[in-house]
Amino acid sequence: MKRIELVLHNRAYSIQIEYGLLFRLKEILAEIAPGDRRFLLVTDEVVAELYGKRVLESFAGLLVDLFVLPSGEENKNLENLNRLYDYLIINGYERRDVLLAFGGGVVGDITGMAAATYLRGVPYIQIPSTLLAQVDAGIGGKVAVNHALGKNLIGSFYQPKAVLVDPSLLDTLSERELRGAIAEVIKYGVALDYEFFVFLEENVAGILEGDRFLREEMVARACELKAGIVRQDELDLGVRAVLNFGHTLGHALEQLGEYREYSHGEAVSIGMVAVFAMAEELGLVERGDKERVIALLEQVGLPVRLKGMYAKERIKESIGKDKKKSEGQVRWVLPERIGKAKINCIVPEKILDRVLLDLMG
Ligand SMILES: NC(=O)c1ccc[n+]([C@@H]2O[C@H](COP(=O)([O-])OP(=O)(O)OC[C@H]3O[C@@H](n4cnc5c(N)ncnc54)[C@H](O)[C@@H]3O)[C@@H](O)[C@H]2O)c1
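A quick note: this is a predicted structure, and the numbers were derived from the prediction, not measured.

*Asks:* Quick question: what am I supposed to make of the packing of aromatic side chains here?
*Replies:* Two descriptors summarise a pair of aromatic rings, namely the distance from one centre to the other and the angle between the planes of the rings. Tallied over the full model, the rule gives six aromatic pairs. An angle of 65 degrees between the planes, with centres 6.3 Å apart, marks the rings of Y51 and F102 as edge-to-face. Taken together, the positions of Y51 in helix α2 (residues 45-58) and F102 in strand β5 (residues 98-103) put the pair 51 residues apart, joining distant regions of the chain. F102 carries the same exposure label as Y51, and that label is buried. In textbook terms, an aromatic cluster arises when at least three aromatic residues are bridged by ring pairs, as seen for F67, Y87 and Y93. Its end group placed over the ring of Y93, R38 keeps NZ or CZ at 4.1 Å from the ring centre. Sitting above the plane of the F213 ring, R212 keeps its charged end 5.2 Å from the centroid.

Written as structure tokens, this is what we have:
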């Protein structure tokens, strides 16, 4: 088992990573949340179908209820959050009781929102079941639901009591989910840690084939990198913006495709190539770095060029709407080399134009 301690201003919690941890949950919960309390296992219908019965059986002797949400991003809304409040109120959950967020980022974000607000805050534990949730959404305490007018508009910061990560859960993920989330894992290497990038270059084939030790190592190192950033900037007021590497163009592409054309990871993959191309034009990175990043993304089967279905001006307009825009300028996160990035960069329009045209060519 690998254990990462996340010590923040007024609280601390651990991220535990272990292959097969899911079936030791009862023992781990006895340690983290001892005493006489109720647990509510919140999950979605896909995860419930795959793992619900076995997990509940492993909880024998604990007071556990199951609450199942519909699966998918469109369900991360106030209506489902309200259904969860109703359940907690009707069933008399108290302040010492614990919510267990067992699922992808959607389940984690809704459960975290309920935990942050029900009775002005009850404990919750993240048990992330997708790669994206294991290395990103489950760590750092950002909780939210979407509003009809935009994603993640209703939210807060509320840290979990623990994050329990079982990489064996990745075995049942769809290929597209897995590969898309590897784009985010590659982002950690590219933006924060050269050695991790080299580890991915050397081992990505084994990771895709399902090698359990490599997957565990990948997840643990990515969690450490995310935790390192959260430690420095819990409330996302400064350096945490580095995690938006590749996301400025990525978000624009996701929005233009109405979240169907490109998955989040696919859009971020193209976004990462774009920022390397910009940094190359600006003389920030050495020639050859971009090609190494492209080669790794291609090995994972991620897109590295635009499919050519959007006009350059529409892409620029969508970039302009990005929430990281401040004082009328879009702020980019640009690489300085593989493993190091800087935030708040301004990119001249003619360079952006050239890079977009190249990506379409
Ligand atoms: N809070 C944060 O810091 C943060 C960070 C990044 C993303 N997010 C949020 O996370 C969400 C995306 O997360 P996601 O990619 O995990 O999406 P998701 O929760 O929708 O999960 C993706 C799909 O995988 C299924 N699934 C989950 N675990 C599975 C498993 N083990 N095997 C098979 N299928 C499984 C789900 O049912 C769903 O259909 C977005 O809402 C995003 O805003 C939050």
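Here the narrative resumes, following the displayed structure.
*Asks:* Whenever I open this one, the site of the ligand confuses me. Can you help?
*Replies:* Taken together, 24 residues surround the ligand, and among them D44, E73, S129, T130 and T172 come closest. A distance of 2.9 Å is found between an oxygen atom of the ligand and a side-chain nitrogen or oxygen belonging to K76. Within the contact set of the ligand, an oxygen atom lies 3.0 Å away from a backbone nitrogen or oxygen of V106. About the coverage of the ligand: the protein hides 85% of its 860 Å² of free accessible area. For the shell around the ligand, the elements supplying multiple residues, two or more each, are α2, α4 (105-117) and α5 (131-137). Ranked by residue count, the leading element in the shell around the ligand is α2, at four residues. Among the residues forming the shell around the ligand, the class breakdown is nine nonpolar, seven polar and eight charged.

*Asks:* Mind showing me how you'd approach the pairing of strand β1 (residues 2-7) here?
*Replies:* Put simply, side chains in a regular strand alternate between the two faces of the sheet. Both β1 and strand β2 (residues 12-17) contribute to a ladder of six bridges, which runs antiparallel. Along β2, the bridge assignment pairs E5 with S14. Taken together, β1 and the strand that follows it, β2, pair antiparallel across an intervening segment of four residues.

*Asks:* How should I be thinking about the domain arrangement of the protein chain in this particular structure?
*Replies:* Where the parts come together, the accessible area they lose is often given as the size of the interface. Segmenting the protein chain into domains produces domain 1 (2-172) and domain 2 (175-360). Here domain 1 and domain 2 have C-alpha centroids that lie 27 Å from each other. Opposite the 26 residues of domain 1 that make contact, domain 2 presents 25 residues. Around 2400 Å² of area is buried between domain 1 and domain 2 when both sides are counted, 66% of it from carbon and sulfur atoms. Here K226 makes a salt bridge to D136, at a shortest N to O gap of 2.7 Å. Summed over the shared surface of domain 1 and domain 2, the result is eight residue pairs in polar contact (both at pLDDT 80 or more). Taken together, the elements giving at least two residues each to the side of domain 1 that touches domain 2 come down to β1, β2, α5 and β8 (150-157). Tallied by class, the residues present in the side of domain 1 that touches domain 2 amount to 15 nonpolar, four polar and seven charged.

*Asks:* Please explain the pattern of salt bridges as it appears in this structure.
*Replies:* Side chains that differ in charge, positive against negative, can pair when their charged atoms come close. Overall, the coordinates contain 27 salt bridges when judged by the stated rule. The shortest N-O distance in the salt bridge between R179 and E175 comes to 2.6 Å. Of this pair, R179 and E175 both sit in helix α6 (residues 175-192), separated by four residues, roughly a single helical turn. Judged by its relative accessible area of 24%, R179 is partly exposed. Accessibility expressed as a relative area gives 48% for E175, which makes it partly exposed. Its salt-bridge partner being E280, residue K290 comes within 3.7 Å of it at the nearest N-O pair.

*Asks:* Just to check I follow, could you spell out the sheet that holds strand β3 (residues 38-44) for this structure?
*Replies:* Sheet strands associate in pairs through backbone hydrogen bonding, adopting either a parallel or an antiparallel arrangement. The seven strands lie next to each other as β1-β2-β9-β6-β5-β3-β4, forming an open sheet whose pairing is mixed. The two strands at the open ends of the sheet, each matched to only one other strand, are β1 and β4 (63-69). The mean angle between the axes of side-by-side strands here comes to 15 degrees, regardless of whether they run parallel or antiparallel. Each of β3, β4 and β5 is contacted by helix α3 (residues 78-90), which is oriented at about 155 degrees to β4, the strand it contacts most. Against the sheet, α4 makes contact with β3, β4, β5 and β6 (124-128), and its axis sits at roughly 165 degrees relative to β5, the strand it touches most.

*Asks:* So what exactly am I meant to see when it comes to the nonpolar core here?
*Replies:* For soluble globular proteins, nonpolar side chains are generally found buried alongside one another. Ranked by internal contacts, the top residues of the largest apolar core, which has 83 residues, are I15, L131, L249 and W332. With 11 residues, the single largest contributor to this core is helix α10 (residues 264-281). Mapped onto the domain boundaries, this core takes at least three residues apiece from domain 1 (2-172) and domain 2 (175-360). Those residues within four positions of L131 in sequence are excluded, and the remaining contacts are L170, L173, L178, A181, I182, V185, M218 and V219. In terms of nonpolar packing, the next biggest core, distinct from the first, is built from 23 residues, A115, Y118, V122 and V145 among them.

*Asks:* How do you make sense of the side chain of R37 when you look at a structure like this?
*Replies:* Topologically, R37 is positioned in the loop between α1 (25-32) and β3. Of the side chains with opposite charge, D97 comes closest to the buried, unpaired R37, at an N-O distance of 6.7 Å. Within the local environment of R37, its side chain forms a polar contact with the backbone oxygen of R96, the two atoms lying 2.7 Å apart. Contacts of R37, omitting those with residues within four sequence positions, involve L63, R96, D97, V98 and P123.

Each value, and the rule that gives it
Residues numbered from 1 in each chain as written. Predicted model: local features only at pLDDT ≥ 70, side-chain atom pairs only at ≥ 80, totals over all residues. Heavy atoms only, no water. Phe/Tyr/Trp six-rings, centres within 6.5 Å; stacked < 30°, edge-to-face > 60°. Helix = DSSP H or I, 4+ residues; strand = E, 2+ residues; numbered from the N terminus. Buried < 20%, exposed > 50% of the residue type's maximum accessible area, 1.4 Å probe, protein only. Lys NZ or Arg CZ within 6 Å of the ring centre and 35° of its normal. Near = heavy atom within 4 Å. Polar contact = N/O pair within 3.5 Å; in protein donor to acceptor, adjacent residues only side chain to side chain. Areas by Shrake-Rupley, 256 points an atom, 1.4 Å probe, with all protein chains shown as cover. Nonpolar A, V, L, I, M, F, W, Y, C, P; charged D, E, K, R; others polar. Pairing = 2+ DSSP bridges. Domains from an automatic or database assignment. Contact = heavy atoms within 4.5 Å. Buried area = accessible area lost by both parts, 1.4 Å probe. Salt bridge = Lys/Arg side-chain N within 4 Å of Asp/Glu carboxyl O. Axes fitted to C-alpha atoms, helices over the stretch in contact; angles between N-to-C directions. Core = buried A, V, L, I, M, F, W, Y, C linked by side-chain atoms within 4.5 Å. Lys, Arg positive; Asp, Glu negative; His and termini not counted.

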